[in-house]
Amino acid sequence: MALFRFATDPPSRPLIRTPNLILRAPAASDYAAWAVLRTESRAFLTPWEPVWNEDDLTRTSFRLRVKRAAREIASDEAYSLFILDGHSETLLGGLTLGLVRRGVAQACTLGYWMGARHAGKGHMSEAVRGALRFAFQDLALHRVEAACLPENEPSRRLLERVGFQREGLARSYLRINGAWADHLLYAALASDRLPGEAR
């Protein structure tokens with residue numbers, strides 16, 4: 001069945017380096033920094049995310065999150081990564097290449113979040129560019145999909161800036177902040193000439 005996968009095994013501990021950032025799998029030792037960043041960013045993130053569980057910020061919940069991320073990476077199902085400053089290793093946010101589909105699809109979906117105090121500084125654009133290189137080169141995927149709320153202008157601009165193309169509107173696509181919401185659908189292909197990428 002190797003025909004329906006890719007030539008090499010997926011990285012067991014993916015590490016993406018860009019000029020200013022490191023993207024890597026979360027570790028148990030990240031809990032304190034993650035909990036502080038998510039807590040202080042709650043109002044900033046709430047309009048764009050699913051409703052948080054009551055125990056979302058507990059150490060136990062985080063430990064399960066880390067274990068699930070490791071399991072999904074090992075099985076090539078999803079790549080949940082933390083975004084860190086490349087110099088100070090300060091946690092800035094997170095990014096996921098999820099719902100990896102092999103076979104005839106060779107695709108995944110992109111999701112991301114940025115801590116409020118780090119937003120608007122170009123970090124996520126750089127992180128997404130690095131994630132796209134990882135998806136297309138290391139994971140040998142053909143297509144990366146993303147979706148955002150129509151009113152989320154910063155996210156729309158980010159996706160378009162890094163080379164995603166808008167493909168349509170999905171009605172009641174995801175349950176965000178407690179309500180089903182329409183989303184704009186975007187995609188980038190391995191064959192696309194992405195802005196800033198040498199071919």
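Residues numbered from 1 in each chain as written. Predicted model: local features only at pLDDT ≥ 70, side-chain atom pairs only at ≥ 80, totals over all residues. Heavy atoms only, no water.

Which residues make up the overall build of the chain, and what values do they have?
A count of helices and strands for the chain gives five helices and eight strands. Along the chain, from the amino end to the carboxyl end, the secondary structure elements read β-β-α-α-α-β-β-β-α-β-α-β-β. A compact globule built from 199 residues should have a C-alpha radius of gyration of about 16 Å, and the chain, at 16 Å, falls within 12% of that. The C-alpha extent of the chain, read off along each of the three principal axes, is 45 × 35 × 30 Å. When contacts within the chain are restricted to residue pairs at least 6 apart in sequence, those whose partners lie at least 24 apart make up 61%. Surface exposure of the chain reaches about 10800 Å², of which carbon and sulfur atoms provide 52%. In the chain, which carries 27 positive and 22 negative side-chain charges, the distance between the mean positions of the two groups comes to 1 Å. (Helix = DSSP H or I, 4+ residues; strand = E, 2+ residues; numbered from the N terminus. Rg over C-alpha atoms; globule rule 2.2 N^0.38 Å. Contact = heavy atoms within 4.5 Å. Areas by Shrake-Rupley, 256 points an atom, 1.4 Å probe, with all protein chains shown as cover. Lys, Arg positive; Asp, Glu negative; His and termini not counted. Charge placed at Lys NZ, Arg CZ, Asp CG, Glu CD.)

Quick rundown of the nonpolar core? Include the residues and the values.
Nonpolar side chains in soluble globular proteins tend to end up buried together. Counting 35 residues, the largest nonpolar core has Leu95, Leu97, Leu110, Val128, Val144 and Phe164 as the members making the most contacts within it. Of all the elements in the fold, those that place two or more residues in this core are strand S2 (21–24), strand S3 (79–85), strand S4 (91–101), strand S5 (107–114), helix H4 (123–138), strand S6 (143–148), helix H5 (153–161) and strand S8 (179–189). Considering each element in turn, this core owes the most residues, eight residues, to H4. (Core = buried A, V, L, I, M, F, W, Y, C linked by side-chain atoms within 4.5 Å. Buried < 20%, exposed > 50% of the residue type's maximum accessible area, 1.4 Å probe, protein only.)

Which residues make up the sheet that holds S6, and what are the values?
With respect to topology, eight strands assemble into an open sheet ordered S1-S2-S3-S4-S5-S6-S8-S7, the strand pairing being mixed. Each edge of the open sheet carries a strand with a single partner, namely strand S1 (15–17) and strand S7 (165–176). Adjacent strand axes in the sheet meet at a mean angle of 25 degrees, parallel and antiparallel pairs treated alike. Relative to S3, S2 runs antiparallel, the two sharing four bridges. Bridge pairing links Arg24 to Phe82 in S3. Packed on one face of the sheet, helix H1 (residues 31–40) meets S3, S4 and S5 and runs near 95 degrees to S4. (Pairing = 2+ DSSP bridges. Axes fitted to C-alpha atoms, helices over the stretch in contact; angles between N-to-C directions.)

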